[in-house]
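Structural characterization, general
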Amino acid sequence: MSATAIALDVRPASMNYLGRIFVKEVRYEFVRMLRTRAFSLSVIGFPIMFYLLFGSSNRHSEFARYLMVSYSCMGVVSACLFGIGMGISLERAQGWLELKLASPMPRLAYLCAKIVSSAAFAVIILFVLVILACTVGGTHVTIFEILRLTAIVLAGSLPFAAMGLLVAVLVPANSAPGIINLIYLPMSFASGFWMPVSYLPHWLQRIAPALPTYHLAQIALNVIGAAQPGNMAAHWQALAGYTLVLFGAAWIVFTRQEAES
Amino acid sequence: MATSAALSEVTKCPLVNQPLVNRAIATLHSVTKRYENVPALDNFSFQLRAGEVVALLGPNGAGKTTAVRLLLGLIAPTAGSVRVMGRDPRDSETRTRIGAMLQVARVPEVLRVCELIDLFRSYYPQPMDSREVTRIARLEGLEDRMFAKLSGGQKQRTLFGLAICGNPDLIILDEPTTGMDIESRRALWDEVRELAAAGKTVLLTTHYLEEADTLATRVVVINHGKTVCEGTPSEIRGSISGRRIRCITQLDPAFLFTLPTVTDVKRDREALVVTAEAAEDVVREMLLRDRTLSGLEISSPALEDAFVALTSQA
């Protein structure tokens, strides 16, 4: 009797304890990203700048809507790759991650905080772009479209979080920014973030379906009816596959490095 | 063999019925750790008992940090066993009772001191009151300062504060005063003494002889992954012979070698550095013979010199 009472007592307490760690970890990670101006200003600033350049010159056209969506996808990729890839690789190099690993912090809380904060940035970028599209873009977006895009941005953060994690475990901190740009810029271009894929050279069009960014863009563009004809379920499956493979690869590399250390 | 060990344990410690007295809090049992076949620790055994302040003393690359990382469960031994509070150090329950200060180059610089403390307190089920943390780590008035805006000493004190956030029984400090000025170093020593007075077990690594001397109840000197010697600070000092006399003098080094107990004479820029056990006698003689002698300093040997002495004896 007393044993069950104790067991019942302990469980909510430890759930509270774990819950508190997750909440604090996410909160301070988000604050950290926000206050790291090199990150927050560039990740939010670039889509704004590009939209002001190219969105406003295509006022009232379908392309103003297209860019709102495609730049949101770019926001997902940059927030996750720079936020997680560079964030973790820097914290590893500086010894901060090791101090945290020596503490009782659950590893999942650390990873979770990085993913949630990066996804939050992706959503902020989406909202900023929606506001820009409705003002300088001269178009309109329905609440339902915004909700669907928010859900896509959140779910789409997962495969790129996994990619960021893989970069973080593979690439040393000082070369991480270069490597991330090398992955991110060509991938964005080839996946139709700058202009529809059908305008790209033929050989690029053939490469595009191999890129996770292409599938994310197609799912998001489908919301405003600008996707290429095709099956949306296949795009979701591709993203899920990428998520699993990239997380798996990061996990294998990390555990192998840990065993060698 | 096992029974004789048990017997000697009994004879050494009459209070066997009180297991809390001299209870081993952390043990490395014949641990070998190799990095690509280079041993960082070589069949190294070490025990930390409740309430002790132990200094692990050694030059860079001696294996101090490897020992610390093993005790924190950050790495696994190649051979041998590691036990902390009777458990695997990777056990999350064990970790809630340990606080660590590692050689961290940078912590997130845009977080405030109070935020870092708040974050680390959340990791522990029974954390120390945050005001208590700032008091012991002497961070009062700095709570709202961003980490980037702190001085070197204040940064180290913040890391020290993070180590005590969980009100741990065992505190591991890896070279806590490296890069600190004398004043902050003294302040940190006081903080460690306060922890020891509160009954905490403290393990610190250092390459400063003075630091081990002033803080530790027991010193373990290691080099090349092995214990060189072990004992109370005065026992260790006794085994390291000679003090250093540094001065600007016109006396001939060859002559100085003939003075009693002089073991070494070196030129260091414009000055001479004489190592001698009976430093007072040597200095008296030198002052008598050279009225122009200036810039006199007498110090205990640097650890590197101590190691030469210790390892050449073995």
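Rules and cut-offs
- Residues numbered from 1 in each chain as written.
- Chains lettered and ligands numbered in written order.
- Predicted model: local features only at pLDDT ≥ 70, side-chain atom pairs only at ≥ 80, totals over all residues.
- Helix = DSSP H or I, 4+ residues; strand = E, 2+ residues; numbered from the N terminus.
- Rg over C-alpha atoms; globule rule 2.2 N^0.38 Å.
- Buried ≥ 20, exposed ≤ 12 C-beta atoms within 10 Å, placed from the backbone.
- Contact = placed C-beta atoms within 7 Å.
- Axes fitted to C-alpha atoms, helices over the stretch in contact; angles between N-to-C directions.
- Parallel < 35°, antiparallel > 145°, perpendicular 65-115°, else oblique.
- Left-handed = near helix turned anticlockwise from the far one by under 90°.
- Nonpolar A, V, L, I, M, F, W, Y, C, P; charged D, E, K, R; others polar.
- Expected span 1.5 Å × (residues − 1).
- Arc of directions from axis to C-beta.
- Core = buried A, V, L, I, M, F, W, Y, C linked by C-beta atoms within 7 Å.
- Pairing = 2+ DSSP bridges.
- Domains from an automatic or database assignment.
- pLDDT = per-residue confidence, 0-100.

A count of helices and strands for chain A gives 10 helices and 0 strands. In terms of overall dimensions, chain A is globule-like: its C-alpha atoms have a radius of gyration of 20 Å, near the 18 Å expected for 261 residues. C-alpha extents for chain A along the principal axes are approximately 70 × 40 × 35 Å. Counting across all 261 residues of chain A, residues that qualify as buried make up 42%. Within chain A, contacts between residues separated by at least 24 positions form 80% of all contacts whose residues are at least 6 apart in sequence.

This next bit is on the packing of helix α3 (residues 62-93) of chain A against helix α9 (residues 212-223) of chain A. Residues and elements named next belong to chain A. Where α3 contacts α9, the axes come no closer than 9 Å and their chain directions differ by 140 degrees. Between α3 and α9, the angle falls in the class oblique. In terms of crossing hand, the pair formed by α3 and α9 is right-handed. Contacts between α3 and α9 involve V69, S70, S72, C73, V76 and V77 from the former and T213, L216, A217, A220, L221 and V223 from the latter. Residues belonging to the contact of α3 with α9 are distributed by class as follows: 9 nonpolar, 3 polar and no charged.

Attention now moves to the interface of chain B and chain A. Taken residue by residue, the interface counts 24 residues in chain B and 20 residues in chain A. When contributions to the side of chain B that touches chain A are tallied by element, the ones reaching two or more residues are α3 (92-95) and α4 (113-122) of chain B. By residue number, the principal contributor to the side of chain B that touches chain A is α4 of chain B, which donates 5 residues. In terms of residue class, the side of chain B that touches chain A is made up of 16 nonpolar, 4 polar and 4 charged.

All names here are of chain A. Within the element layout of this structure, S70 appears in helix α3. In sequence terms S70 and P196 are 126 residues apart; their C-alpha atoms lie 9.1 Å from each other. Not counting the four nearest positions on each side in its chain, S70 is found in contact with G192, F193 and A217.

This paragraph deals with helix α7 (residues 182-197) of chain B. All names here are of chain B. Compared with an ideal rise of 1.5 Å per residue, which puts 16 residues at 22 Å, α7 spans 23 Å between its outermost C-alpha atoms and is within 8% of the ideal. Taken residue by residue, α7 has L188, E191, V192 and L195 as its buried positions. On an axial view of α7, the arc spanned by its buried residues comes to 100 degrees, and they lie on one face. Residues I182, E183, D190 and A197 are exposed on α7 and point more than 90 degrees away from its buried face. Elements that come into contact with the buried residues of α7 comprise α5 (130-136), α6 (152-164), β6 (170-174), β7 (201-206) and α8 (209-215). G199 occupies a position one or two residues after α7 and carries a positive phi of about 90 degrees.

Another point: the nonpolar core. Grouped together as the largest cluster of nonpolar side chains are 75 residues, with contacts concentrated most on A55, A67, L71, A100, A163 and I172 of chain B. If sequence neighbours within four positions are ignored, I172 of chain B has contacts with V68, L71, L72, I98, A100 and L203 of chain B.

Our next topic: unusual backbone geometry. The phi torsion at E36 of chain B lies on the positive side, around 50 degrees, for a residue other than glycine. Counting through the fold element by element, E36 of chain B comes out in the loop between β1 (24-35) and β2 (38-49).

Before going further, it helps to examine the sheet that holds β1 of chain B. All names here are of chain B. Within the open sheet, the 3 strands sit side by side as β2-β1-β4. Their pairing is antiparallel. The outermost strands of the open sheet, each flanked by one partner alone, are β2 and β4 (79-84). Sheet twist, expressed as the average angle between the axes of neighbouring strands with direction ignored, equals 15 degrees. Here helix α2 (residues 64-71) sits on the sheet in contact with β1, β2 and β4, set at roughly 120 degrees to β1.

Quick look at the domain arrangement of chain B now. Its domain assignment divides chain B into domain 1 (21-105 + 163-235) and domain 2 (240-313). The distance between the C-alpha centroids of domain 1 of chain B and domain 2 of chain B comes to 33 Å.

Now for the environment of N223 of chain B. By the element assignment, N223 of chain B lies in strand β8 (residues 218-223). As a C-alpha pair, N223 of chain B and D129 of chain B span 94 residues in sequence and 39 Å in three-dimensional space.

Residues and elements named next belong to chain B. Relative to strand β12 (residues 271-276), strand β11 (residues 262-268) runs antiparallel, the two sharing 6 bridges. Its bridge partner being in β12, D264 is matched across the sheet by T275. Connecting β11 to the next strand, β12, in antiparallel fashion are 2 residues, including R269 with a positive phi near 50 degrees.

What follows deals with the environment of A249 of chain A. Looking at the secondary structure, you find A249 of chain A in helix α10 (residues 232-260). It is 6.9 Å that separates the C-alpha atoms of A249 of chain A and L166 of chain A, two residues lying 83 residues apart in sequence.

Turning our attention to the sheet that holds strand β10 (residues 243-248) of chain B. All names here are of chain B. With respect to topology, 4 strands assemble into an open sheet ordered β11-β12-β10-β13, the strand pairing being antiparallel. Of all strands in the sheet, those bounded by a partner on one side alone are β11 and β13 (294-299). Between one strand axis and the next, the sheet turns by 15 degrees as a mean value, whatever way the strands run. Judged from the 4 bridges that link them, β10 and β13 form a sheet pairing that is antiparallel. Its bridge partner lying in β13, R246 is registered against E297. Packed on one face of the sheet, helix α11 (residues 279-289) meets β10, β11, β12 and β13 and runs near 15 degrees to β10.

This paragraph deals with the confidence of the model for chain B. Residue and element names in this part refer to chain B. Per-chain confidence: chain B averages 84 in pLDDT, with 87% of residues scoring 70 or above. Across chain B, element-level confidence peaks in α4 with a mean pLDDT of 96 and bottoms out in helix α1 (residues 2-12) with 40. At the level of chain-chain contacts, confidence expressed as ipTM amounts to 0.88, with global pTM at 0.82.

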